[in-house]
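# Structural characterization, general
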Amino acid sequence: MTIKELQQLMFEYEDKKYGDFSAKLIPTMPRENFIGIRAPE
């Protein structure tokens, strides 16, 4: 599996609200660095 394929797979499970929540926990990192995948997925 290539990095691009892995990224595609991860973005299929993206939860934007959860990504927003996660980004608030680490305010020194830009929001773009968070996908927001919930652990059970």
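Look a little higher up for the structure.
Nothing here was measured: the structure is a model prediction, and the numbers come from that model. (Residues numbered from 1 in each chain as written. Predicted model: local features only at pLDDT ≥ 70, side-chain atom pairs only at ≥ 80, totals over all residues. Heavy atoms only, no water.)

This next bit is on the overall build of the protein. Counting secondary structure elements, the protein contains two helices and zero strands. Dimensions of the protein, computed from C-alpha atoms along their principal axes, come out at roughly 30 × 20 × 15 Å. Burial statistics for the protein: of 41 residues in total, 15% are counted as buried. Per element, the accessible surface of the protein, about 3800 Å² overall, is 58% carbon and sulfur. (Helix = DSSP H or I, 4+ residues; strand = E, 2+ residues; numbered from the N terminus. Buried < 20%, exposed > 50% of the residue type's maximum accessible area, 1.4 Å probe, protein only. Areas by Shrake-Rupley, 256 points an atom, 1.4 Å probe, with all protein chains shown as cover.)

If you trace the backbone, Gly19 turns up in helix 2 (residues 16–25). In this structure, the C-alpha to C-alpha distance between Gly19 and Pro30, residues eleven residues apart in sequence, is 11 Å. Excluding residues that lie within four positions of it along the chain, Gly19 makes contacts with Arg31, Phe34, Ile35 and Gly36. (Contact = heavy atoms within 4.5 Å.)

On to the pattern of salt bridges. Once the charged atoms of two side chains with opposite charge are near each other, the side chains can pair. Scanning the entire structure with this criterion turns up three salt bridges. Of the charged contacts, one joins Lys16 and Glu14 as a salt bridge, the two residues approaching to 3.8 Å between their closest N and O atoms. For Glu14, a relative accessible area of 29% gives the class partly exposed. (Salt bridge = Lys/Arg side-chain N within 4 Å of Asp/Glu carboxyl O.)

Where nonpolar side chains cluster on the molecular surface, the patch consists of Met1, Leu6, Leu9, Met10 and Tyr13 and spans about 490 Å² of accessible area. Tracing the backbone shows Leu6 in helix 1 (residues 3–12). With a relative accessible area of 39%, Leu6 lands in the partly exposed category. (Patch = residues over 30% accessible without salt bridge, like charges linked within 9 Å, V, L, I, M, F, W, Y side chains within 5 Å.)

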